[in-house]
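Inside the fold
Residues per chain, in single letters:
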Amino acid sequence: MTASIGIRLIRVVTLLFGLSVLTFALIHLSPLDPVASYVGGDSSASPEQLEKLKAYWGLDKSPVEQYLAWAGALLQGDFGTSKLYRSPVIDIIQSRFMTSLALMGTAWLLSGAIGYALGALAAMNRGKPIDKIIKWYSYTLVSTPIFWMGLILLIVFAVGLKWFPVGLAVPAGVPESEVGWTDRVHHFILPALTLSILGVANVAMHTREKMIDILNAEYVVFAKARGESKRQIFKNHGLRNSVLPAMTLQFAYFGELFGGSMLAEQVFAYPGLGSTLTEAGLKGDLPLLVGIILISSMFVFAGNLIADLLNKIVDPRMKREG
């Protein structure tokens, strides 16, 4: 296991290096001008002032020189300074990461628990109306864009019923010191609900197929012949053999979860890493953009690593192979 972790750490280092190079290359090949995006289209800044901004940000150097300067600072623990916020990138990521983590964590837990429950229920009632309803629900969600689902929830629950606010993470115009946890939860529900609803489908359908395979196994047929009830079969055989694949799939869902969070935060104007990443990309804030990409890549890597470790710890066959 130690060797496996070491190999994966080497892989993630090469992955981060490749992502940083690719991001730098794409930004420099794009028609986006970071200085023009910063000052705005209607700015009266003179060409001399624009050149001073480029020199101040180091944009007058070649892309290779810019990358080497950034990489050298990163090796010393410095992610650079954001051009948009005029503050260290790591401080911005720290302030926005907890907001996104709460959103993604809630959606991850809810989608995993509800998805597994629906998948197991559908498999245990294969061919019955409840199975058909769960399959229809899952197939519909898989083909539903997350931003569309967010807009529908906004129209119904925020605009129509007025149960929840239209956006933001706290009430507008209220100092942060005066914002209570009930206000935060009130703004939190719709974005979390959007991510949770769409994350259910994959786990539900995967669990259903795995559970059907288990129910068709010879040892389950023998258990039925012994007179075990449906509840006993699920408890003794279905649960222990299907929960690990579902858990593995859920940890591998980290990448999609971050991508979905980015769209959900845009729809609900939720100030997390996803909306910050979009703003950094549109404004050409390269240090902030690369910093968030690297942190999100580590987040996805951690999910995959945890899933593999759980497989080796829980599954005896993986222990023997190790």
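First, a word on what this report is: a plain description of the structure on this page. Each chain has its residues counted from 1, following the order in which its sequence is written. Local features in this predicted model are restricted to residues of pLDDT 70 or higher, and side-chain atom pairs are both shown and tallied only at a pLDDT of 80 or more, whereas totals for entire chains, interfaces and linings draw on every residue. No hydrogens and no water enter the side-chain calculation; it runs on all heavy atoms of the structure.

1. Description of the overall build of the protein
Starting at the N terminus, helices and strands are each numbered in turn, a helix being any DSSP run of H or I of at least four residues and a strand any DSSP run of E of at least two. The secondary structure content of the protein amounts to 14 helices and zero strands. The order of α-helices and β-strands along the protein, N terminus first, is α-α-α-α-α-α-α-α-α-α-α-α-α-α. Considered along the principal axes of its C-alpha atoms, the protein spans approximately 85 × 55 × 35 Å. Each residue is placed in one exposure class: buried if its accessible area under a 1.4 Å probe, protein chains only, is under 20% of its type's maximum, exposed if it is over 50%, and partly exposed if it falls in between. In the protein, buried positions account for 39% of the 322 residues. Any pair of residues with heavy atoms lying within 4.5 Å of one another is described as a contacting pair. For the protein, restricting intrachain contacts to residue pairs at least 6 apart in sequence, the fraction spanning at least 24 positions comes to 74%.

2. A word on the side chain of S297
You can see S297 is positioned in helix α13 (residues 286–314). What makes S297 buried here is its relative accessible area of 13%. As used in this structure description, the phrase polar contact means that two N or O atoms lie within 3.5 Å; if the pair is within protein, one of them must be able to donate a hydrogen and the other to accept it, and residues adjacent in sequence are counted only when both atoms belong to side chains. Engagement of the side chain of S297 in a polar contact is seen with the backbone oxygen of I293, the distance being 2.7 Å.

3. Describing the pattern of salt bridges
If the charged atoms of two oppositely charged side chains come close together, the side chains can form a pair. One side-chain nitrogen of Lys or Arg within 4 Å of one carboxyl oxygen of Asp or Glu is enough to make a salt bridge. Per the stated rule, a full pass over the model turns up three salt bridges. If you follow the salt bridges from partner to partner, you end up with D131, R208 and E209 in one network.

4. Concerning the nonpolar core
Here, the term nonpolar core denotes a set of buried Ala, Val, Leu, Ile, Met, Phe, Trp, Tyr and Cys residues that are joined through side-chain atoms within 4.5 Å. Formed by 52 residues in total, the largest nonpolar core has its most connected members in W70, L190 and I292. Broken down by secondary-structure element, the contributors of at least two residues to this core are α1 (2–29), α4 (63–75), α5 (89–124), α7 (146–160), α8 (181–215), α11 (254–267), α12 (273–283) and α13. Among the elements that make up this core, the one with the highest residue count is α13 (11 residues). Ignoring anything within four residues of it in the chain, the contact list for I292 reads I93, F258, L273, T276 and L277. Membership of the second largest hydrophobic core comes to 12 residues, among which are A120, M124, V203 and A246.

5. A closer look at the side chain of R208
Here R208 lies in helix α8. Accessibility expressed as a relative area gives 7% for R208, which makes it buried. A polar contact of 2.8 Å, which involves the side chain of R208, links it to the side chain of E209.

6. Quick look at the packing of aromatic side chains
A pair of aromatic rings is counted whenever rings of Phe, Tyr or Trp (Trp by its six-membered ring) have centres within 6.5 Å, and the orientation is called stacked for planes under 30 degrees apart, edge-to-face for over 60 and tilted otherwise. Within this structure, the stated rule accounts for seven aromatic pairs. A ring pair is formed by F17 and Y67, whose centres lie 6.4 Å apart and whose planes are at 70°; its orientation type is edge-to-face. Taken together, the residues span a long stretch of sequence, with F17 in helix α1 and Y67 in helix α4 at a distance of 50 residues. What makes F17 exposed here is its relative accessible area of 52%. On the basis of relative accessibility, which here comes to 14%, the residue Y67 falls in the buried class. For the pair F24 and Y67, a centre-to-centre distance of 5.1 Å together with 90° between the ring planes defines the contact as edge-to-face. Separated by 43 residues along the polypeptide, F24 in helix α1 and Y67 in helix α4 bring together distant segments of the chain.

Read these as spatial facts, not as claims about activity.
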